[in-house]
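Commentary on secondary and tertiary structure
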Amino acid sequence: METYIFQDSPVGLQFLDALVEAARRGVRVRLLVDAMGSTELKRDHFAPLIAAGGDQRWFNPPRWTAWSFRDHRKLVVVDEEIGFLGGCNIGPEYFGDGIEEGWRDGGIGIRGPVVEALTRAFDTQFARHDLEGFSFKHGGDKQKIECGTEVDLLLIAPGVGKNVLRDAMREDLKKAEEVFITSAYFLPTLRMRDQLAQAASPKRKGLSPAKISVLLAGKSDVRLMQLASRSLYRRMLRQGVRIFEYMPQILHAKRIVIDDVVYVGSSNLDPRSLRINFEIMIRIRDASLAREAKEQFYSDLKHSHEVLLQELSGYRGIWERIRQRFSYWILATVDPSLAKGRLQALGAVAKK
């Protein structure tokens, strides 16, 4: 089991009790928790698991040399037979229907050859938990692992340059007819925004414009990100992208559907997920799964507000625009630049 946040809460205790019980039965139990994401936990919180024979490690305890690079992955693998991954951390806010209570989030359970790849991905991350001796490569240690003809495991590690999620999306967008993006934190690179704009363009060469809908947070736990995302609305709407904001609860889901391809996992479409954090996504080409994901998207739209171009001038006063641009600068420029500086020091950015 691997998670960014593990809270001392009733839900957290249920998970801890289940892990302890499994360890007592003789099951090999390994738990990896990000040290920064779960900084509020006491360091002996998992003592019962260790006493029962389990193994728990903190990922990347805070230190100046690499403090920014967090394990944002959420993963459970059981007996190398079934894997679970998505956006949910371990805490009470992830418990509920996402409408009346609890954040709107989700994930996927999967069987088949990809589970072995998920196991190996966990093994690697567990072994490098303190990042001692970890090689921050130029371009990042990003991997695309083919697990059969229709399933790819996409592993993202800190680095500047190529990104397996971004590259896979670019190829799928080239001939896309329908695109549905649900993203808790949405701040794609300029190149990715251009790719979406090209797909939605009426002047698209040889193809009809793709119908692109993006579902973002009407309520967010990161106000700075929401402001930064809203700074992109006007241009994207003019480019033919429809934008919706989910209203009942905080939106924390990460899911992309491009025709009959579904992406799901821990990665947002923002600089931190694409360039700074360790993330895990799965890409599945399956028409029935895509239909189910689209149905869920349309269900979410029943609880969402569509952002229209004519509305923007009404709630984007001068002060609001300043806040949005400042938020964009912090998250799209300052945070990645600081991380790039650390990568440069670690030899992961090519010197010119």
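The structure we're discussing is the one just above.
Fair warning: this is a prediction, and the values are worked out from it, not measured in the lab.

This brings us to the overall build of the protein chain. A count of helices and strands for the protein chain gives 11 helices and 15 strands. A globule of 352 residues ought to have a C-alpha radius of gyration of about 20 Å, and the protein chain, at 20 Å, matches this closely. Dimensions of the protein chain along its principal axes, counting C-alpha atoms only, are 60 × 50 × 40 Å. By residue count, 55% of the 352 residues in the protein chain fall in the buried class. Counted over contacts in the protein chain with a minimum sequence separation of 6, partners at least 24 positions apart contribute 75%.

Right, let's talk about helix H6 (residues 223–230) for a bit. The buried fraction of H6 amounts to six of the eight residues, a majority that puts the element mostly inside the structure. Within H6, the full set of buried residues consists of Met 225, Gln 226, Leu 227, Ala 228, Ser 229 and Arg 230. If you follow the buried residues of H6, they end up packed against strand S10 (211–217), helix H7 (233–238), strand S11 (242–246) and helix H11 (318–345).

Even without a glycine there, the phi angle at Asn 60 is positive, about 50°. Among the secondary structure elements, Asn 60 is positioned in the loop between strand S3 (55–59) and strand S4 (75–78). Residue Asn 60 is classed as buried on the basis of its relative accessible area, which comes to 0%. For Asp 259, which is not glycine, the phi torsion reads 55° and is therefore positive. Structurally, the position occupied by Asp 259 is in the loop between strand S12 (254–258) and strand S13 (261–265).

Our next topic: the layout of surface pockets. Computed from the structure, the largest pocket encloses a volume of approximately 600 Å³. Lining the largest pocket are 22 residues, and of these Val 27, Arg 28, Val 77, Val 78 and Asp 79 lie nearest its centre. Where the lining of the largest pocket is concerned, the elements lending two or more residues are helix H1 (10–24), S4 and helix H3 (113–127). For the lining of the largest pocket, a count of residues per class yields 14 nonpolar, one polar and seven charged. Its boundaries defined by the atoms lining it, the second largest pocket holds a volume of some 520 Å³. If you go around the second largest pocket, you meet 25 residues; those closest to its centre are Tyr 4, His 72, Tyr 185, Val 222 and Arg 272. Elements supplying a minimum of two residues to the lining of the second largest pocket: H6, helix H8 (271–276) and H11. At three residues, H8 tops the list of elements feeding residues into the lining of the second largest pocket.

One open sheet accounts for nine strands, arranged S7-S8-S14-S13-S12-S9-S10-S11-S15; its pairing is mixed. Looking at the sheet topology across the chains shown, the edges are occupied by strand S7 (143–146) and strand S15 (304–307). Each strand axis lies, on average, 15° off the axis of its neighbour in the sheet, ignoring direction. Sheet topology places S12 next to S13; four bridges connect them, and they run antiparallel. Within S13, the residue paired with Ile 258 across the bridge is Val 261.

Once that is clear, we can look at the packing of aromatic side chains. Per the counting criterion, the structure on display carries nine aromatic pairs. Plain terms: the ring middles of Phe 122 and Phe 126 are 5.3 Å apart, the flat faces sit at 25° to each other, and that makes the pair stacked. Within this pair, Phe 122 and its partner Phe 126 are both found in helix H3, separated by four residues, close to a single helical turn. Given a relative accessible area of 3%, Phe 126 falls into the buried group. With a centroid separation of 5.6 Å and 75° between ring planes, the pair formed by Phe 180 and Tyr 298 is classed as edge-to-face. Highlighted residues: Phe 180 in strand S9 (residues 178–183) and Tyr 298 in helix H9 (residues 287–301), separated in sequence by 118 residues. Given a relative accessible area of 43%, Tyr 298 falls into the partly exposed group. Connected via pairs of aromatic rings, a cluster forms that spans Phe 6, Phe 46 and Trp 58. The side chain of Arg 30 reaches across the aromatic face of Phe 126, ending 5.5 Å from its centre. Its end group placed over the ring of Trp 58, Arg 43 keeps NZ or CZ at 4.0 Å from the ring centre.

Rules used throughout
Residues numbered from 1 in each chain as written. Predicted model: local features only at pLDDT ≥ 70, side-chain atom pairs only at ≥ 80, totals over all residues. Heavy atoms only, no water. Helix = DSSP H or I, 4+ residues; strand = E, 2+ residues; numbered from the N terminus. Rg over C-alpha atoms; globule rule 2.2 N^0.38 Å. Buried < 20%, exposed > 50% of the residue type's maximum accessible area, 1.4 Å probe, protein only. Contact = heavy atoms within 4.5 Å. 1 Å grid on protein atoms, 1.4 Å probe; cavity = no way out; pocket = protein on both sides within 12 Å on 5 of 7 lines; lining within 4 Å. Points joined across faces, edges and corners; volume = space filled by probe spheres on them. Nonpolar A, V, L, I, M, F, W, Y, C, P; charged D, E, K, R; others polar. Pairing = 2+ DSSP bridges. Axes fitted to C-alpha atoms, helices over the stretch in contact; angles between N-to-C directions. Phe/Tyr/Trp six-rings, centres within 6.5 Å; stacked < 30°, edge-to-face > 60°. Lys NZ or Arg CZ within 6 Å of the ring centre and 35° of its normal.

Don't take any of this as a statement about function, it's just geometry.
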